[in-house]
Amino acid sequence: MEVAKGTIFRRLISYTKRYRLLYVGLLISMLVGIGLELSVAQYLSRMTNVAASGDQSQWSILIVAGATILVLTVLFQYGDAFLKGIVSSRIRRDLRDDTMDVVLRLTQSEFDRSHSGELTARLTNDNAAIGDLFGNTLLQLIRNPLLAIAAFIFLLQIYWPLAIICFLIGPTTLLIGILFGKPIMNNSIQQQQRQERQLTFLQDILNTSLLFKAFGLESKLLHKFRSLSSEVTETERKGAHLQAAIAGTGSGIGLTSFIVAFVFGAYFVTQGKMGVGGLLAFIQLLNHLTWPFTNLAGTWGAAQQSFGAANRIFELIDREVEQRTFVHVDPSSERKAVFEKLEVENVQFDYSHSFDEDALQSSVLNPAVNNISFTIIKGQRVGVVGPSGSGKTSLFKLLLGLYRVQSGVIKLNGASQETMELSLLRSYYSLVPQESRLYTGTIRDNLLYGKADASEEEMLDALQAANALDFVMRLPDGLDSELAEHGGSLSGGQRQRIAIARAMLRDAPILLLDEATSALDSESERDIVQALNRLSEGKTTITIAHRLYMVRDADVIIVMDQGQIQAIGKHEELLVECDLYRRMFDAQMYAQDHQPAITAIV
């Protein structure tokens, strides 16, 4: 969805209001700079006339004046460039921070529809493409017209007929900006989109090194990457062509103005209507009349490229985000999560909001969660089992408030989730997913995500309880050992144990385990199960399990299939009363009994 250009400009300008003092300094610097540039023309005129007259009495004054102009120009140019760099970087930082704030609060539906490469491109490439819009570009759009007006006034004082002739040539460069502005912006948007596709593909490759090496996909992936890279190069070539057209046309008009002024000026000098010093000053000032118009086209082209990048950033910022509060929360209410009872009543949910129209029809016919009801009380151990796609993980997502139910209600301690602030709702839960992801940084950093103010002793106790302390202490830097991307320097079991220690530090009253051992070998699974048993002590535990022995001792087992609850009961009861549960159990027992034969075949 494209944001209107006027809206883009207003929103960008709103960021400058935070730095009013810096812009006041830039405006002062700009006005002084204009004055210094015009003073050079006056200085040249005076110097030429003094030299022509042979008056040596003014040389010392002119030398001091020239040195003063030089020093002031250097100082103000430095200050101007420094302030522009500062304000540009700070506003890009603010835009980047605002974009990241939105990304972190995007609804789960938006994450379902978006690729991580797309979001990364908006935060990096698009932000960088805005470039110097808030500094040099914006100030040039103000400075150039002011400089041209001031120069024109001085030119009128020197010889007004020649000034009028030159002024009529200069503004024709404005037509260049009008003609090329829209194509440059459209090309900029297309270029960012193609760079986004390339970055998305690159992330897919870098995250699947084992797969493309095992399948021998190097040549095929390189061919596709080259194709995407060529598309980016094509938009860059088109952009270079447009910029060259602006630069060439503008320079041509500027040179035309210079030649016309010099020819007519020389004629007026021969006619005695102008002096040589006046002509020299006129030519110098003419640069300040025609150059702003010539440069304006290029500056406007750069602004169009920035608008194209800003359009994509604001499109992301305008996406649907989670509301920090759904309805109303009493600010004086107790923030510490104290759990007593969880009630799920006639809840129905589908993923129609996350997909296109075709998927919508299929999703409506097959809800992910279809009119389910159950109650969990404090301290219970609850298992959730069922075939793949039966709605188990979707149920967890609903409990965490990642999606809102289409009908029915989920209550915590008798209060509907819909009336709870999201941060409070999620403080009731600790999650250990099937594949735990660790963040780039140290082991200590990852543990502190569970509890920001955890002490060294608390972290060591959590690692000990998670059966992770021994291997962590064997690492070169212990808790301060740097992890590879997604914790890739650790084994799957080690990553899972760090995740369990993190969940222990969070110390939420409800523990959600989403097939936390299904991807591990038998030895790692034994260690993880021991750690999970310690983690679940004194807590309410809800466990999604593929292996039924993980939940056979649960107080309650919920059997799901095709989004519906087929049965609720204990292990022994379900073996008798639920055909689906009995078939799942028999299939797993058969696989276990025949494991040696299966292994031998492999």
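Above this text you will find the structure in question.
My aim in this report is to walk through the structure given alongside it, one point at a time. All of these numbers come straight from a predicted model, not from anything done at the bench.

1. As for the overall build of the protein chain
Across its full length, the protein chain carries 21 helices and 12 strands. Once local pairs closer than 6 in sequence are excluded, the contacts in the protein chain between residues at least 24 apart make up 80%. Accessible area for the protein chain stands at about 30,500 Å²; split by element, carbon and sulfur atoms hold 58% of it.

2. Details of the packing of aromatic side chains
Counted according to the given criterion, the structure contains 6 aromatic pairs. Plain terms: the ring middles of Tyr78 and Phe82 are 6.2 Å apart, the flat faces sit at 10° to each other, and that makes the pair stacked. Here Phe82 and Tyr78 lie together in helix H3 (residues 59–105), a separation of 4 residues that amounts to about one turn. Taking 4.9 Å as the distance between ring centres and 80° as the angle between the ring planes, the aromatic pair formed by Phe349 and Tyr351 counts as edge-to-face. Judged by relative accessible area, which is 0%, Phe349 ranks as buried. Following the ring pairs from residue to residue traces out a cluster consisting of Phe349, Tyr351 and Tyr403.

3. Let's talk about the packing of H3 against helix H5 (residues 116–130)
Axis separation between H3 and H5 bottoms out at 10 Å; the angle between their running directions is 165°. Classed by the angle they form, the pair H3 and H5 counts as roughly antiparallel. The two elements H3 and H5 meet at a crossing, and its hand is right-handed. Seen from H3, the contacting residues are Arg92, Leu95, Arg96, Thr99, Met100 and Val103; seen from H5, they are Leu119, Leu123, Asn127 and Ile130. The residue inventory of the contact of H3 with H5, partitioned by class, reads 6 nonpolar, 2 polar and 2 charged.

4. Section: the nonpolar core
In terms of nonpolar packing, the biggest core is built from 48 residues, with Leu12, Tyr23, Leu95, Ile130 and Phe314 touching the most fellow members. Listing elements by their share of this core, those giving two or more residues are helix H1 (5–16), helix H2 (20–53), H3, H5, helix H6 (133–169), helix H7 (174–206), helix H9 (218–270) and helix H10 (276–317). Per-domain counts for this core show at least three residues from each of domain 1 (1–159 + 296–322) and domain 2 (160–273).

5. Looking at the pairing of strand E12 (residues 564–569)
Across 5 bridges, strand E11 (residues 556–561) lies against E12 in antiparallel orientation. When the sheet's bridge partners are listed, Asp561 is paired in E12 with Gln564. Linking E11 to E12, which pair antiparallel, is a turn of 2 residues; within it Gln562 sits at a positive phi near 50°.

6. Thoughts on the side chain of Asp126
In this structure, Asp126 sits in helix H5. Excluding residues within four positions of it along the chain, Asp126 makes contact with Ala121, Gln192, Ala309, Arg312 and Ile313.

7. Some details on the layout of surface pockets
In this model, the second largest pocket occupies a volume close to 350 Å³. Residue lining of the second largest pocket: 16 residues in total, with Arg381, Asn533, Thr543, Met550 and Val551 positioned closest to the centre. Of all elements in the fold, only strand E3 (381–385), helix H18 (522–535) and strand E10 (540–544) reach the threshold of two or more residues within the lining of the second largest pocket.

8. Quick word on the sheet that holds E3
In space, the 6 strands of this open sheet follow the order E6-E9-E10-E3-E11-E12, with mixed pairing throughout. The open sheet terminates on both sides in strands that have one partner only, identified here as strand E6 (429–432) and E12. Within this sheet the neighbouring strands show an average axis-to-axis angle of 15°, counted without direction. Of the pairings in the sheet, the one linking E3 to E11 comprises 4 bridges and is parallel in character. Pairing of Gly383 across the sheet is with Ile557, part of E11.

9. A closer look at the pattern of salt bridges
This model, assessed by the stated rule, comprises 28 salt bridges. Across the pair Lys84 and Asp80 runs a salt bridge whose closest N-O atoms are separated by 2.9 Å. Separated by 4 residues within a single helix, Lys84 and Asp80 lie in helix H3, roughly one turn from each other. No difference in accessibility class separates Lys84 from Asp80, as the two residues are buried. We note a salt bridge from Arg113 to Glu110, for which the minimum N-O separation is 2.9 Å. A residue pair is termed a helical-turn pair when its members lie 3 or 4 positions apart in one helix, as Arg113 and Glu110 do in helix H4 (residues 108–113) at 3 residues. Look at Glu110 and you get buried, because its relative accessible area is 10%. Sharing partners across several salt bridges, the network here consists of Glu118, Arg122, Asp126, Glu196, Arg312, Glu315 and Arg319.

10. Examining the packing of helix H15 (residues 456–465) against helix H17 (residues 492–506)
Following both chains from N to C, one finds H15 and H17 inclined at 130°, their axes separated by 8 Å at the closest point. When the axes of H15 and H17 are compared, the pair comes out oblique. By crossing handedness, the relation of H15 to H17 is classed as right-handed. Seen from H15, the contacting residues are Glu458, Met459, Ala462, Leu463 and Ala465; seen from H17, they are Ile498, Ala501, Met504 and Leu505.

Here is what the cut-offs are and how they apply
Residues numbered from 1 in each chain as written. Predicted model: local features only at pLDDT ≥ 70, side-chain atom pairs only at ≥ 80, totals over all residues. Heavy atoms only, no water. Helix = DSSP H or I, 4+ residues; strand = E, 2+ residues; numbered from the N terminus. Contact = heavy atoms within 4.5 Å. Areas by Shrake-Rupley, 256 points an atom, 1.4 Å probe, with all protein chains shown as cover. Phe/Tyr/Trp six-rings, centres within 6.5 Å; stacked < 30°, edge-to-face > 60°. Buried < 20%, exposed > 50% of the residue type's maximum accessible area, 1.4 Å probe, protein only. Axes fitted to C-alpha atoms, helices over the stretch in contact; angles between N-to-C directions. Parallel < 35°, antiparallel > 145°, perpendicular 65-115°, else oblique. Left-handed = near helix turned anticlockwise from the far one by under 90°. Nonpolar A, V, L, I, M, F, W, Y, C, P; charged D, E, K, R; others polar. Core = buried A, V, L, I, M, F, W, Y, C linked by side-chain atoms within 4.5 Å. Domains from an automatic or database assignment. Pairing = 2+ DSSP bridges. 1 Å grid on protein atoms, 1.4 Å probe; cavity = no way out; pocket = protein on both sides within 12 Å on 5 of 7 lines; lining within 4 Å. Points joined across faces, edges and corners; volume = space filled by probe spheres on them. Salt bridge = Lys/Arg side-chain N within 4 Å of Asp/Glu carboxyl O.

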